[in-house]
Amino acid sequence: MKNAQNYLYAKDAETLQVPYADYTALMKKVEEAQCLQQVKATVLADLQKFVEDAPVATRNTPPVAPVAPVELKAEPKMTVSADPVEALKTEKISVEFTSETPEVPKAAEPVMIRTEISDVPPVKKDIIGHFNKLDESGRLLNVFKQYYTCLNENCGGTVRVTMKDGFCSLWNYDEWEEFAFVDIFENLLRITIDPRYTEALKSLNLCEAPRLISSRRNVVSVQVDGLNNIVLETLAKAFAEVGMQIK
């Protein structure tokens, strides 16, 4: 058989089926048809997904008539001070309404905020040790701390305490002047202060003043066993009147 390489034979028998060139051309057509089928399937799948994902309003939904915008006749106008410090001073926010706005109930009056010193200067360790040495129970140290804290919260300034020669000196920190002295005498807290306040303290337990202090300045002393309002008010007054003491 001539040109046998140009013909396709059956595998099991020497039977001529189709020319080899025709067979290869036919297979190319088959491959092209398969590619077209894949492209068609891909396009159909994309179209199906697009239809499924489309919003409901775009599928057979009649158009909706546009809604006219609602006109707001009046809005509250708020005026706030541009200066935050000034706003804190007044503690008020001015609110104005136009004549077309319905009347609203009046707001409650602003509450005045009491200014307090949240960070009380700590009592130093040497002062705590001195008190604990003379009173191991710690009771008088707690009484002193109560006076110290209350003065810092109510005097409108900073109170500091230092110790020298066995006495605690209470200072007006802003003016840096002493206004009272504190120590322990006969198992009680002894507070020494300018004699101009003797009249305010006369109902309490007046006692002998420390010699070391009385030798330098004119003073009067009172003994306390706890937090006393009269003594606290007198100390606060002495704090505010530093520089007016009798020398």
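Everything numeric in this text was worked out from a predicted model, so none of it was measured.

## A look at the overall build of the protein chain
Moving on, step 1. From N to C terminus, the protein chain includes seven helices and ten strands.
Moving on, step 2. Going through the 247 residues of the protein chain one by one, you find that 25% of them count as buried.
Moving on, step 3. Within the protein chain, residue pairs in contact and separated by at least 24 positions form 51% of the contacts whose partners lie at least 6 positions apart.
Moving on, step 4. A total accessible area of about 18,500 Å² is found for the protein chain, and carbon and sulfur atoms account for 56% of it.

## Let's talk about the nonpolar core
Moving on, step 1. In this structure, Phe 131, Phe 144, Tyr 147, Leu 170, Phe 179, Leu 189 and Leu 235 are the most contacted members of the largest nonpolar core, which totals 34 residues.
Moving on, step 2. Secondary structure elements with two or more residues in this core: helix 3 (125-134), helix 4 (139-154), strand 5 (159-164), strand 6 (167-172), strand 7 (177-185), strand 8 (188-193), strand 10 (220-224) and helix 7 (229-240).
Moving on, step 3. Among all residues touching Phe 131, those that are not within four sequence positions of it are Leu 140, Leu 141, Phe 144, Cys 168, Val 182, Ile 184 and Leu 189.
Moving on, step 4. With five residues, the next largest nonpolar core counts Phe 167, Phe 181, Ala 209 and Val 219 among its residues.

## Some points on the confidence of the model for the protein chain
In low-pLDDT regions, the fine details of the predicted coordinates are not to be read closely.
Moving on, step 1. Counting all residues, the mean pLDDT for the protein chain is 76, and 65% of those residues have values of 70 or more.
Moving on, step 2. This stretch, residues 76-82, has a pLDDT under 50; its non-local contacts, to residues over four places away or in other chains, come to 14 contacts.
Moving on, step 3. Predicted confidence for residues 87-118 stays below pLDDT 50, and this span has 29 contacts to residues more than four positions away or in other chains.

## Points about the environment of Thr 158
Moving on, step 1. Relative to the helices and strands, Thr 158 resides in the loop between helix 4 and strand 5.
Moving on, step 2. In this structure Thr 158 touches Pro 121, Asn 152, Trp 171, Asn 172, Tyr 173, Asp 174 and Phe 239, once residues within four positions along its chain are discounted.

## Re empty space enclosed by the protein
Moving on, step 1. The tally for this structure, following the rule as stated, stands at two cavities of 30 Å³ or more.
Moving on, step 2. By volume, the largest cavity amounts to about 50 Å³.
Moving on, step 3. As for the largest cavity, its lining consists of ten residues, and the residues nearest its centre are Phe 179, Phe 181, Ile 193, Asp 194 and Arg 217.
Moving on, step 4. Where the lining of the largest cavity is concerned, the elements lending two or more residues are strand 7 and strand 8.
Moving on, step 5. Ranked by residue count, the leading element in the lining of the largest cavity is strand 7, at four residues.
Moving on, step 6. Class assignment for the residues of the lining of the largest cavity results in five nonpolar, two polar and three charged.
Moving on, step 7. Quantified by volume, the second largest cavity comes out at close to 30 Å³.

Here is what the cut-offs are and how they apply
Residues numbered from 1 in each chain as written. Predicted model: local features only at pLDDT ≥ 70, side-chain atom pairs only at ≥ 80, totals over all residues. Heavy atoms only, no water. Helix = DSSP H or I, 4+ residues; strand = E, 2+ residues; numbered from the N terminus. Buried < 20%, exposed > 50% of the residue type's maximum accessible area, 1.4 Å probe, protein only. Contact = heavy atoms within 4.5 Å. Areas by Shrake-Rupley, 256 points an atom, 1.4 Å probe, with all protein chains shown as cover. Core = buried A, V, L, I, M, F, W, Y, C linked by side-chain atoms within 4.5 Å. pLDDT = per-residue confidence, 0-100. 1 Å grid on protein atoms, 1.4 Å probe; cavity = no way out; pocket = protein on both sides within 12 Å on 5 of 7 lines; lining within 4 Å. Points joined across faces, edges and corners; volume = space filled by probe spheres on them. Nonpolar A, V, L, I, M, F, W, Y, C, P; charged D, E, K, R; others polar.

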